[in-house]
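The residues making up each chain are set out below.
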Amino acid sequence: MSRRALRRLRGEQRGQEPLGPDALQFVLPDDDDAEEEGPKQGSGGRRPGGAGKEGVRVNNRFELINIEDLEDDLVVNGERSDCALPDSVSSGNKGRAQRGNPEAKQDEDEAKAGFPEQSNASGKLRKKKKKQKNKKSCTGESSENGLEDIDRILERIEDSSGFSHPGPPPLNSRKHVLYVEHRHLNPDTELKRYFGARAVLGEQRPRQRQRVYPKCTWLTTPKSTWPRYSKPGLSMRLLESKKGLSFFAFEHNEEYQQAQHKFLVAVESMEPNNIVVLLQTSPYHVDSLLQLSDACRFQEDQEMARDLIERALYSMECAFHPLFSLTSGTCRLDYRRPENRSFYLALYKQMSFLEKRGCPRTALEYCKLILSLEPDEDPLCMLLLIDHLALRARNYEYLIHLFQEWEAHRNLSQLPNFAFSVPLAYFLLSQQTDLPEHELTSARQQASLLIQQALTMFPGALMPLLECCSVRPDATVANHRFFGPDAEISQPPALSQLVSLYLGRSHFLWKDPTTMSWLEENVRAVLQAVDAGDPAVEACENRRKVLYQRAPRNIHRHVILSEIKEAVAALPSDVTTQSVMGFDPLPPLDTIYSYVRPERLSPVSHGNTIALFFRSLLPNYTTEERLEEGVAGGPNRNQGLIRLMLALRDMMANFHFNDLEVPREDNPEGEGDWD
């Protein structure tokens, strides 16, 4: 019986038979027939020419071939790769290097000479791997060189023709402060830093495996509970590119316009259920999602409100133009176009939810994103909020950098929030112990200088700030004419609104005892300057009377969106008497309409008292009359009235008063009356 048959009867596999201590030194056979001729070889099973010498001991018959292949794979174009080897292979190589056995090479040559087929196969395999790696490296280098060449060509075209292609902006100072980081748009990044990745992603990992949304989005993550996404008819197009800026606009196709008209009718009905019905047929209609989110928020359903806002953001992000960039700071959306306003409002509402959720760093990135869409006009007036988010996120360097870069052309020091937040950022920066001593001293001096300027410019903000912080001021400060009650009463209404907005949002940042002690020192310094007759005091008073006569429309829009009671109460009467819609608060007066809503037939605009009475009986009277009438006052007007009266006569002819049961006098309880 052959050794193969005996091994099969025993249930053993090839290569697992027990070997003696000298059986590890052998010549690898070509096939199974060579095994049967094994006794004809030497008892030790040594390689030819290896008798009397110690060979390389291996446990795997093909280990030497694998080692050779790995050694060849590690060398590409004369350089050794940095890839890590398996433990067994690396230890084998290290052992051979330490032993310095000169017979290893001889054994390999003999093995190759003894088995030409295997050596040829392994050689072909090595050549194939080398060709693949060389091809990959060449393609990588060529792709990098190709990208560089494309960039250079585009730069040459831009320089020669003056046309600027959309793309990342040059890293100058103004663009840098508006740069948005993708990773900070995800609130999970900030929550991981607070609670750890296991607590944040513990429940999300199984869902990601079952995710059916192939599109990668930055603003939000699609949920499995959402309706299946289908294009709702929303798209974006590139309007123009000039001076390094790209101007985009959202567009509505005919189907989306019909949904928009139905949404406006549902809003006018003042019934949220009508919007719910519309979302059943158009689940990704943005304005419906925004309006229903406000309704859920008023009913204290914060989770549903946030989910609707995220769905609206997902719908709009799926419609982005390929050249539209969230992070470059060079893409613009005109707020005067109604199609673009939904994106602004969705971002603002998402930012508010993130701030309440305890993610100020993520909310700061959303604020920068909104500001970058139209920084010159700033339709939502994000400059009144960005300082607060920067302080909450403890990103003091960014706030200082923004103030230094934009103060020259935006006069940020004339806004009460920047006037008080920037010195506070300097002071909080001076409290950090990981900075050099000279930087801490410089930050403290700059903080004192700026807070004194802020108190001189806005003296009416001190007493309300101390009141919000539950701090009783000194009698000298409270009774002084400069900081007394007259300072708050005499300031213009627009300035009072800005101060109320800032204090209602950021007063808790001043409650720290160290901050209050620093503020007290600077208040006393300002009082000394006032008593000494500093000319800067009078100059600031004259500036207050000139600059804050009336707040612009974007500030009123920001106050309405902020929902801060003190600031909303300070709105002028011409704003509070207007109807404010959550999906479009205070639209611009110079709105650019791309399509017009069709006129609705008003039931009260035409007709007299008799017509109104007939209309109350027959609601379809107006429609039928107008259809027959054609033009108001036309010759068919009397015919329509005649038809209406004939229809009314037929209706009254079929009506019987005997069907009504009148209550009897002997029935005081009213039993049986009015079936």
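- As named in an unreviewed UniProt entry, the chain is Transcription factor 25 isoform X1, taken from Microtus ochrogaster.

1. Observations regarding the sheet that holds strand β5 (residues 331-333)
No. 1: Ordered in space as β3-β4-β5, the 3 strands form an open sheet in which the pairing is mixed. Unpaired on one side and paired on the other, β3 (234-242) and β5 mark the two borders of the sheet. Put simply, the sheet's adjacent strands are angled 35° from each other on average, direction ignored.

2. Overview of unusual backbone geometry
Negative phi is the rule for most residues except glycine; trans is the rule for most peptide bonds.
No. 1: The residue Lys243 is not glycine, and still its phi comes out positive at about 55°.
No. 2: When you line up the elements, Lys243 lands in the loop between β3 and β4 (245-252).
No. 3: Non-glycine residue Arg394 carries a positive phi angle of around 60°.
No. 4: In this fold, Arg394 is placed in the loop between α17 (386-392) and α18 (396-410).
No. 5: The exposed category is assigned to Arg394, whose relative accessible area is 65%.

3. Thoughts on the environment of Cys318
No. 1: Mapped onto the elements of the fold, Cys318 is located in the loop between α14 (302-317) and β5.
No. 2: Owing to a relative accessible area of 17%, Cys318 belongs among the buried residues under this scheme.
No. 3: Between the alpha carbons of Cys318 and Lys231 there is a distance of 8.4 Å; along the sequence they are 87 residues apart.

4. Focus on the confidence of the model for the chain
No. 1: Summing up the model confidence of the chain, the mean pLDDT is 75 and the portion of residues at 70 or higher is 61%.
No. 2: In this model, residues 657-665 is a region of pLDDT below 50 whose contacts with residues beyond four sequence positions or in other chains number 7 contacts.

5. Some remarks on helix α25 (residues 513-531)
No. 1: Compared with an ideal rise of 1.5 Å per residue, which puts 19 residues at 27 Å, α25 spans 27 Å between its outermost C-alpha atoms and is within 8% of the ideal.
No. 2: Those residues of α25 not exposed but buried are Thr515, Met516, Trp518, Leu519, Asn522, Val523, Val526, Leu527 and Val530.
No. 3: Among the structural elements, α19 (416-430), α20 (437-457), α21 (462-468), α22 (475-478) and α26 (535-547) are those in contact with the buried residues of α25.
No. 4: Two residues or fewer after α25 comes Gly533, characterised by a positive phi angle close to 75°.

6. Observations regarding the pairing of β3
No. 1: Pairing of β3 with β4, which is carried by 8 bridges, proceeds in the antiparallel orientation. Bridge assignment links Met236 to a residue of β4, and that residue is Phe250.
No. 2: Here β3 folds back onto β4, and the loop between the two strands holds 2 residues, one of which, Lys243, carries a positive phi near 55°.

7. Some remarks on the side chain of Arg544
No. 1: For Arg544, the location among the structural elements is in helix α26.
No. 2: It is Glu541 that comes nearest to the buried, bridge-free Arg544 among opposite-charge side chains, at 4.9 Å.

8. Quick word on the environment of Leu290
No. 1: Tracing the chain through its elements places Leu290 in helix α13 (residues 286-298).
No. 2: Taking the C-alpha atoms as reference points, Leu290 and Leu345, separated by 55 residues in sequence, lie 8.1 Å from one another.
No. 3: Beyond its immediate chain neighbours, meaning those up to four positions away, Leu290 contacts Ile309, Ala312, Ser342, Leu345, Ala346 and Lys349.

9. Here's the deal with the packing of aromatic side chains
Working definition: an aromatic ring pair is given by the centre-to-centre distance plus the angle between the planes.
No. 1: Evaluated as defined, the whole model comprises 18 aromatic pairs.
No. 2: Taking the centre distance of 5.8 Å and the plane angle of 55° together, the rings of Trp226 and Tyr314 count as tilted. With Trp226 in the loop between α10 (205-209) and β3 and Tyr314 in helix α14, this pair connects stretches of sequence that are 88 residues apart. Comparing Trp226 with Tyr314, the two get one shared label, buried.
No. 3: Residues Phe324 and Phe343 carry aromatic rings whose centres are separated by 6.5 Å and whose planes lie at 75° to one another, so their mutual orientation is edge-to-face.

10. Section: the pattern of salt bridges
No. 1: Across all of its chains, the model carries 21 salt bridges by this definition.
No. 2: Residues Glu251 and Arg237 are paired through a salt bridge, measuring 2.2 Å at the closest nitrogen-oxygen approach. Of this pair, Glu251 sits in strand β4 while Arg237 sits in strand β3, and the two are 14 residues apart along the sequence.
No. 3: The exposure class assigned to Glu251 is partly exposed, which follows from its relative accessible area of 30%.
No. 4: Connected through salt bridges with shared partners, the residues Asp294, Arg297, Lys349 and Glu563 form a single ionic network.

11. Concerning the packing of α18 against α19
No. 1: As a packed pair, α18 and α19 sit with axes 9 Å apart at the nearest point and diverge in direction by 135°. Taken together, the axes of α18 and α19 lie oblique to each other. Once α18 is placed against α19, the crossing between them reads as left-handed. Of the residues in α19, those in contact with Tyr396, Glu397, Leu399, Ile400, Leu402, Phe403 and Gln404 of α18 are Phe418, Ser421, Val422, Ala425, Tyr426, Leu428 and Leu429.
No. 2: Here the contact of α18 with α19 is built from residues that sort into 11 nonpolar, 2 polar and 1 charged.

Rules behind the numbers
Residues numbered from 1 in each chain as written. Predicted model: local features only at pLDDT ≥ 70, side-chain atom pairs only at ≥ 80, totals over all residues. Heavy atoms only, no water. Pairing = 2+ DSSP bridges. Helix = DSSP H or I, 4+ residues; strand = E, 2+ residues; numbered from the N terminus. Axes fitted to C-alpha atoms, helices over the stretch in contact; angles between N-to-C directions. Buried < 20%, exposed > 50% of the residue type's maximum accessible area, 1.4 Å probe, protein only. pLDDT = per-residue confidence, 0-100. Contact = heavy atoms within 4.5 Å. Expected span 1.5 Å × (residues − 1). Lys, Arg positive; Asp, Glu negative; His and termini not counted. Salt bridge = Lys/Arg side-chain N within 4 Å of Asp/Glu carboxyl O. Phe/Tyr/Trp six-rings, centres within 6.5 Å; stacked < 30°, edge-to-face > 60°. Parallel < 35°, antiparallel > 145°, perpendicular 65-115°, else oblique. Left-handed = near helix turned anticlockwise from the far one by under 90°. Nonpolar A, V, L, I, M, F, W, Y, C, P; charged D, E, K, R; others polar.

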